[in-house]
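Take a look at the letters that make up each chain.
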Amino acid sequence: MENKIQYLLDKMCDKSEEEAYAYADQLAEIGTEEVLDSLIDVLNSENIDNAYLAARALSKIENNSKALEPLLEKIHDHANKNRNGLFVQALEGFDLSDKFVDVLRIYLFGNFKSSNLAKTYLDHVEFDLSPRTIKKAEKHWSHYQNNSDQESDDYAIKKAEVETILNEIKQLFL
């Protein structure tokens, strides 16, 4: 089995391989702890194409909670800001219930694709919220307000959305 996993990893990471996605999907089907660890290593590598494939495979593994933090680190890495849409898309295969603040950060600071995907998650995921979550979210909202062009249409849209979200959450704790 170990040889098969290594073979699939090698094929998935082979630049000349036209069916790399198929190998990523096969790794996801195996879904063992060894596969999970190997895919996390690929996700953390410098090769962005291989990291995308690893994220795709990780999102399809059933017990993938161990990979959520490394994926979020990859998403929040400033070097990936303009090319992290596929990483954010992979979040759909994870339990995001404890990650409201991370998803809000992606919505606020992400590129167009990432921000739209994050908004979808904000609208459809049932998050575990607490007063502490609100404080963290407000901190990021304040940071966004202080570092954005407040005359832009994007700012106006996000302001309306985020203030509505934060007010609704606060109502839960009254």
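See the structure above.
Residues numbered from 1 in each chain as written. Predicted model: local features only at pLDDT ≥ 70, side-chain atom pairs only at ≥ 80, totals over all residues. Heavy atoms only, no water.

(A) Layout of the packing of helix H9 (residues 131-146) against helix H10 (residues 153-172). Two numbers describe how H9 lies on H10: the axes approach to 11 Å, and their chain directions differ by 165°. As far as their axial angle goes, H10 and H9 are roughly antiparallel. As H9 packs across H10, the resulting crossing turns out to be left-handed. Here Ile134, Ala137, Glu138, Trp141, Tyr144 and Gln145 of H9 lie close against H10, whose contacting residues are Asp154, Tyr155, Lys158, Lys159, Val162, Glu163, Leu166, Ile169 and Lys170. Taken together, the residues of the contact of H9 with H10 sort by class into eight nonpolar, one polar and six charged. (Axes fitted to C-alpha atoms, helices over the stretch in contact; angles between N-to-C directions. Helix = DSSP H or I, 4+ residues; strand = E, 2+ residues; numbered from the N terminus. Parallel < 35°, antiparallel > 145°, perpendicular 65-115°, else oblique. Left-handed = near helix turned anticlockwise from the far one by under 90°. Contact = heavy atoms within 4.5 Å. Nonpolar A, V, L, I, M, F, W, Y, C, P; charged D, E, K, R; others polar.)

(B) Representation of helix H5 (residues 68-76) within the structure. Residues of H5 that are buried include every one of Leu68, Pro70, Leu71, Leu72, Lys74 and Ile75, and no others. Structurally, H5 contributes buried residues whose contacts are with helix H3 (33-43), helix H4 (48-60), helix H6 (85-90) and helix H7 (100-109). (Buried < 20%, exposed > 50% of the residue type's maximum accessible area, 1.4 Å probe, protein only.)

(C) The arrangement of the packing of aromatic side chains in detail. The final tally for this structure, using the stated rule, is seven aromatic pairs. A centroid spacing of 6.0 Å and a plane angle of 10° characterise the contact between Tyr144 and Tyr155, whose relative ring orientation is stacked. Residue Tyr144 is found in helix H9, and its partner Tyr155 is found in helix H10; the two are separated by 11 residues along the sequence. As far as the burial class goes, Tyr144 and Tyr155 line up, both buried. Every member of this aromatic cluster is reached through a ring pair, and the members are Phe109, Trp141, Tyr144 and Tyr155. A cation over an aromatic ring shows up here: Lys158 above the ring of Tyr107, its NZ or CZ 5.3 Å from the ring centre. (Phe/Tyr/Trp six-rings, centres within 6.5 Å; stacked < 30°, edge-to-face > 60°. Lys NZ or Arg CZ within 6 Å of the ring centre and 35° of its normal.)

That is the geometry; function is a separate question.
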